[in-house]
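Spelled out, the chains give:
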Amino acid sequence: MRSLSGFPLDELVQILSPLPPYKSREVFKWISRGVHGFQDMTSLGKQEREELSRRFSLRSTEQGSRLADRDGTVKLQITLCDAAGTEAVLLRDKEGRGTACISTQAGCPVGCVFCKTGSLGFLRNLDAGEMVEQFLHIRELGTEYGGEVSHLVIMGMGEPLLNLGELRRAAGIITDPRGLGISGRRITVSTSGIAGGIRELAESGPPLRLAFSLSSAREELRNALVPSGTGNPLKRIKEALGYYQEKTGQRITLEMVLLGGLNTGAEEAAAVRDFAQGLDVVVNLIPWNPVEGLRFRGRALQEPSPAEIEAFARFLRQGGLNVTRRFRRGRGVAGACGQLGSLRRVDMERTSPVE
Ligand code: SAH
Ligand code: SF4
């Protein structure tokens, strides 16, 4: 049975026919309000509701277990229809503003050496409905924990621009003012740097805020840390970012995961400064969140020391760059950046289509 959460309004009108279009618009609105059953769509007639529930379902995912951190972060496991799983996170800042962090894939094919998700391998792309539903689930958690969820970051498991069609579809549904109506200015999509995808998003929209995970501005080290770099040289990524900026007029975030003793030296900082030249950016420093067992060139990865972080930030600021530092929210529940993927590898293999 098809779940309706992944349909933009124009398609919904088609598939709900013979329901009149104005009633389909009501269904779209009800879905955005987060109702769980057709019986709750009280503006529809009883027969219409019964007919719809015979033909369709509203959701294809379910909330699994949740882990709440003392800092207010809640990590939610999400069961998908085929027993694969993914994760979404509720983040809250000091002012109580809620942000949903959602995933676009189960696992990730890029395989960055510092990222837990990357170490799991890739299972499958999520569809638009599975992305929209993650937002709805997190918004429900927000209500339960006493706050509105007004922002969305697409920074969970997976590389969004390797699932661009479904991502655009989900973003279209989430930004539609006739439904959820979250402004694109409140949505940030983070990519490891798929140059073609950045260009395509710039051209076809919807206009979202963009974050690029630079991780190192020295090509050789970057390609070793972020394997998608090999097919996406920094020069091409920079051109694509410039194009995105030209099209959307938006400032771009450069995310820089800081790995102790590896990418925090002055030479690295100078390369970041050079990369940023000519772009309107803010650099977001993310001290590496520990993931057990991750190694690089024969050594265990390490957190950066406070002195390393400070020196890196100072160097960039002296070079005239805006620098922010990401707080380490969610570390207590392995829900911080790069820590998603509590599904063990064996779980993922069990659900592989080979069986
Ligand atoms: N795949 C996308 C979005 C998800 S990762 C991307 O790579 O951009 C979100 C951010 O977490 C990225 O900037 C990534 O560099 C960072 N990250 C990954 N693993 C991390 C870890 N263990 N500690 C801190 N940040 C990490
Ligand atoms: Fe994938 Fe992003 Fe993790 Fe790299 S950092 S493995 S692109 S989720």
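Cut-off values and rules
Along each chain, numbering runs from 1 in the same order as the chain's sequence is written. Both sets of labels track the order of writing: A upward for chains, 1 upward for ligands. Note on the predicted model: pLDDT of at least 70 is required for a residue's local features to be given, and 80 or more for side-chain atom pairs to be given and counted; whole-chain, interface and lining totals, by contrast, use all residues. The basis for the side-chain values is all heavy atoms of the structure; hydrogens and waters are excluded. Think of it this way: any DSSP run of H or I at least four residues long counts as a helix, any run of E at least two long counts as a strand, and we number them from the N terminus. Throughout, the radius of gyration refers to the C-alpha atoms, and the reference size of a globule is 2.2 Å times the residue count to the power 0.38. Positive charges come from Lys and Arg, negative ones from Asp and Glu, while His and the chain ends are left out of the count. For this purpose, a charge sits on NZ of Lys, CZ of Arg, CG of Asp or CD of Glu. Near residues are defined by distance, with any heavy atom within 4 Å of the molecule or strand qualifying the residue. Pairs of N or O atoms are called polar contacts if they sit within 3.5 Å, as long as, within protein, a hydrogen donor faces a hydrogen acceptor (for residues adjacent in sequence, only side-chain-to-side-chain pairs). Here the accessible surface of atoms and residues is derived via Shrake-Rupley with a 1.4 Å probe, and residues count as covered only by protein chains that are part of the display. Amino acid classes used here: Ala, Val, Leu, Ile, Met, Phe, Trp, Tyr, Cys and Pro are nonpolar; Asp, Glu, Lys and Arg are charged; the rest, including Gly, are polar. Whether two strands pair comes down to DSSP finding at least two bridges between them. Interaxial angle, 0 to 180 degrees, is taken between N-to-C directions of lines fitted to C-alpha atoms, where a helix line uses only the stretch in contact. The contact criterion used throughout is that any non-hydrogen atoms of two residues lie within 4.5 Å. The classification of residues rests on relative accessible area computed with a 1.4 Å probe and restricted to protein chains. Under 20% of the type maximum is buried, over 50% is exposed, and intermediate values are partly exposed. Only one rule defines a salt bridge in this text: a Lys or Arg side-chain nitrogen within 4 Å of an Asp or Glu carboxyl oxygen. Orienting the strands away from the viewer, one traces the path from the first strand over the helix to the second; a clockwise path indicates a right-handed crossover. Among buried residues, those of type Ala, Val, Leu, Ile, Met, Phe, Trp, Tyr and Cys that are joined through side-chain atoms within 4.5 Å constitute a nonpolar core. Where each domain begins and ends follows an automated or database-derived domain assignment. A 1.4 Å probe defines the accessible area here, and the buried area is the portion of it lost by two parts on being joined, summed over both. Stacked, tilted and edge-to-face are the three classes applied to pairs of Phe, Tyr and Trp rings, where Trp contributes its six-membered ring and a pair requires centres within 6.5 Å; stacked means planes under 30 degrees apart, edge-to-face means over 60, and tilted covers the rest. Put simply, a charge is over a ring when the Lys NZ or the Arg CZ is close to the ring centre, within 6 Å, and near the line of the ring normal, within 35 degrees. Reported orientations rely on four angle classes, namely roughly parallel under 35 degrees, roughly antiparallel over 145, roughly perpendicular from 65 to 115, and oblique for the rest. In this scheme the crossing of two helices becomes right-handed for a clockwise turn of the near helix relative to the far one and left-handed for an anticlockwise turn of less than a right angle.

Caption draft 1: Molecular detail of the overall build of the chain. When helices and strands are tallied, the chain shows twelve helices and 16 strands. Here the chain has a C-alpha radius of gyration of 21 Å; the compact-globule value for 355 residues is 20 Å, and the two agree. Considered along the principal axes of its C-alpha atoms, the chain spans approximately 70 × 45 × 45 Å. Between the averaged position of the 47 positive side-chain charges in the chain and that of its 41 negative side-chain charges there is a distance of 3 Å.

Caption draft 2: A look at the site of ligand 1. Looking at ligand 1, there are 19 residues lining it, with Gly158, Ser190, Ser213, Trp288 and Asn289 nearest. One of the side-chain N or O atoms of Ser213 is found 2.6 Å from an oxygen atom in ligand 1. The side chain of Glu255 places a nitrogen or oxygen atom 3.4 Å from an oxygen atom of ligand 1. Burial of ligand 1 by the surrounding chains reaches 95%, relative to a free accessible area of 530 Å².

Caption draft 3: Main features of the site of ligand 2. All residues adjacent to ligand 2 are Cys108, Val110, Gly111, Cys112, Cys115, Gly118, Gly158 and Ser192. Residue composition of the shell around ligand 2, by class: four nonpolar, four polar and no charged.

Caption draft 4: Seen up close, the sheet that holds strand S13 (residues 281–287). The strand order across the open sheet built from ten strands is S3-S4-S5-S6-S9-S10-S11-S12-S13-S16, with neighbouring strands paired in mixed fashion. Since the sheet does not close on itself, it has two edges, and those belong to strand S3 (62–68) and strand S16 (322–325), each with one partner. Averaged over all pairs of adjacent strands, the angle between strand axes in this sheet comes to 25°, irrespective of strand direction. Inspection of the sheet shows S3 paired to strand S4 (residues 74–79) by five bridges, in the antiparallel sense. Bridge pairing in S4 links Glu62 to Thr79. The sheet contacts of helix H5 (residues 128–144) involve S3, S4, strand S5 (85–92), strand S6 (98–101) and strand S9 (149–154), and relative to S5 the element is tilted by about 40°.

Caption draft 5: Seen up close, the side chain of Glu133. Its location among the elements puts Glu133 in helix H5. Buried within the structure, Glu133 lacks any salt-bridge partner; Arg59 is the closest side chain of opposite charge, at an N-O distance of 5.2 Å. Looking at Glu133, its side chain comes within polar contact range of the side chain of Thr61, at 2.6 Å. Once you skip the residues sitting within four places of it in the chain, Glu133 turns out to touch Ser3, Ser5, Leu58, Arg59, Ser60 and Thr61.

Caption draft 6: Spatial organisation of the pairing of strand S12 (residues 252–258). Counting buried residues in S12 gives six out of seven residues, a clear majority hidden from the surface. Where strand S11 (residues 209–213) lies against S12, three bridges are found, and the strand directions are parallel. Bridge pairing links Ser213 to Glu255 in S12. When S12 meets S13, the two strands line up parallel, connected through seven bridges. Bridge assignment links Ile252 to a residue of S13, and that residue is Val281. Handedness of the crossover is the feature at issue here: the chain leaves S12, passes through helix H10 (residues 266–276), returns alongside S13, and the resulting connection is right-handed.

Caption draft 7: Quick look at the nonpolar core. Core analysis: the biggest nonpolar cluster contains 86 residues, and Leu4, Val27 and Leu241 have the highest contact counts within it. Looking at this core element by element, the count peaks at seven residues for H5. Each of domain 1 (2–57) and domain 2 (62–333) contributes no fewer than three residues to this core. Apart from residues lying up to four places away in sequence, Leu241 is in contact with Ile198, Leu210, Phe212, Ile252, Leu254, Phe275 and Leu279.

Caption draft 8: Focus on the pattern of salt bridges. A complete count under the given rule lists 16 salt bridges for this structure. A salt bridge links Arg66 to Glu144, with the nearest nitrogen and oxygen atoms 2.6 Å apart. Of this pair, Arg66 sits in strand S3 while Glu144 sits in helix H5, and the two are 78 residues apart along the sequence. A residue is classified by how much of its surface remains accessible, and Glu144, at 52% relative accessible area, is exposed. Between Lys75 and Glu87 there is a salt bridge, with its nearest N and O atoms 3.8 Å apart. Note that Lys75 is positioned in strand S4 and Glu87 in strand S5, a separation of twelve residues in sequence.

Caption draft 9: Structural view of the domain arrangement of the chain. The domain boundaries assigned to the chain delineate domain 1 (2–57) and domain 2 (62–333). Measuring from the centre of the C-alpha atoms in domain 1 to the corresponding centre in domain 2 gives 33 Å. Taken together, the contacts link 14 residues of domain 1 with 14 residues of domain 2. Note on domain 1 versus domain 2: buried area summed over both sides is about 1100 Å², and carbon and sulfur give 52% of it.

Caption draft 10: Region of the structure containing the packing of aromatic side chains. Per the counting criterion, the structure on display carries one aromatic pair. Lying across the ring of Trp30, Arg33 places its NZ or CZ 4.6 Å from the centre. The positively charged end of Arg199 is found above the aromatic ring belonging to Tyr243, 4.9 Å away from the centroid.

Caption draft 11: Geometry of the packing of helix H1 (residues 9–16) against helix H2 (residues 21–33). The contact between H1 and H2 brings their axes to 9 Å, and the two run at 120°. It follows that H1 is oblique to H2 by the angle criterion. As H1 packs across H2, the resulting crossing turns out to be right-handed. Taking contact as the criterion, the partners of Leu9, Leu12, Val13 and Leu16 in H1 are, on H2, Pro21, Ser24, Arg25, Val27 and Phe28.

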